[in-house]
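# Reading the structure
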Amino acid sequence: MTNEDMIYPFQPPKKNFVDKSSGTVHINGELDDSILTDIIPALDDLMLTSVTLSDSIKVLRFRITSHGGNVEILFALLDQIEELRRLGFRIETHIRGYADSCASLLAAFGDKGYRTCGPYSASVVHHFSGYNYVSTASEIDRVYANNKRLSAKLKNLYLSNSKMKEKEYDEMIASDFCELDAKELLKKGLIDTIVYNS
C-alpha cells in the first residue's frame, strides 16, 4: 500500500476519459499526462465533428473527482476548453465528491450557470507548489520568478471565475490549504448550484 492509498483509500479508478456519445469528460484522477494523450486528442476529434452538430447538441460535460495534478497540464486543458467555446460549445462542470487543487479551478472554469456539485462535495484551494531542484543562485531566481508568475496566473483565473474579490482570495489562500464545502463553494461563486436528489 502506497502513502497515497493510506491517505485516500477510497479513490475512484484513476482513469480520465471522454465518452463521446454523451459528450462527457470524466476526470477520475490526477490531471496528468493522460490529459495530453487521451483527453485533449478526444476533444480535438469532437471539434472536427462539431461542424455537423446543431447548437443544441454542443454541450460538453466535465464530471470531476480529482485531487488535482499538474498545473501546466491544466492550462493546456483550459486552452482546449476555450477553443470549444469559440466553436459554440457550452461547458458544464460537476464536482462529484471532491475537486481539489487545480481540479477546483477546472470545476470553476465551466460556463456561468452550469457549474454544479453534490451536497457532500468539497474542494481544496491552495498555493501553487513547484518541485524544482536547483543548485545555483540564478536558477533559484528563475524558479522563484516562474512560480510567482504561475501563482499570479492562478489567482487571476480564480478571481475571474468566482464572486471573490482580491482581498477575500488572499485571505482564503493565506493558510495555504483552504477546504471549502458545497455551501462555501456556492457562496464564493466557484459553483452556481448544489444538486440535490429530488
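For the structure, check the block above.
First, a word on scope: everything that follows refers to the structure included in this document. (Residues numbered from 1 in each chain as written. Predicted model: local features only at pLDDT ≥ 70, side-chain atom pairs only at ≥ 80, totals over all residues. Heavy atoms only, no water.)

It is worth spelling out the packing of aromatic side chains at this point. This model, assessed by the stated rule, comprises one aromatic pair. Seen from the ring of Phe17, Lys15 lies directly overhead, with NZ or CZ sitting 5.6 Å from the centre. The ring centre of Phe109 lies 4.8 Å from the NZ or CZ of Arg85, which sits over that ring. (Phe/Tyr/Trp six-rings, centres within 6.5 Å; stacked < 30°, edge-to-face > 60°. Lys NZ or Arg CZ within 6 Å of the ring centre and 35° of its normal.)

It is worth spelling out a negative patch on the surface at this point. A cluster of acidic residues, Glu30, Asp32, Asp33 and Asp38, forms a negative patch on the protein surface. With respect to the element layout, Asp38 can be found in helix α2 (residues 33-49). For Asp38, a relative accessible area of 41% corresponds to the partly exposed category. (Patch = residues over 30% accessible without salt bridge, like charges linked within 9 Å, V, L, I, M, F, W, Y side chains within 5 Å. Areas by Shrake-Rupley, 256 points an atom, 1.4 Å probe, with all protein chains shown as cover. Salt bridge = Lys/Arg side-chain N within 4 Å of Asp/Glu carboxyl O. Lys, Arg positive; Asp, Glu negative; His and termini not counted. Charge placed at Lys NZ, Arg CZ, Asp CG, Glu CD. Helix = DSSP H or I, 4+ residues; strand = E, 2+ residues; numbered from the N terminus. Buried < 20%, exposed > 50% of the residue type's maximum accessible area, 1.4 Å probe, protein only.)

Let's shift gears to helix α6 (residues 166-173). Among all positions of α6, only Tyr169, Met172 and Ile173 are buried. Viewed along the axis of α6, the buried residues span an arc of 90°, placing them on a single side of the element. Along α6, the residues that are exposed and aim more than 90 degrees away from the buried face are Lys167 and Glu171. Residues of α6 that are buried make contact with β6 (122-125), α5 (137-160) and β7 (178-181). (Arc of directions from axis to C-beta. Contact = heavy atoms within 4.5 Å.)

So far we have only geometry, and geometry alone does not tell us how the molecule works.
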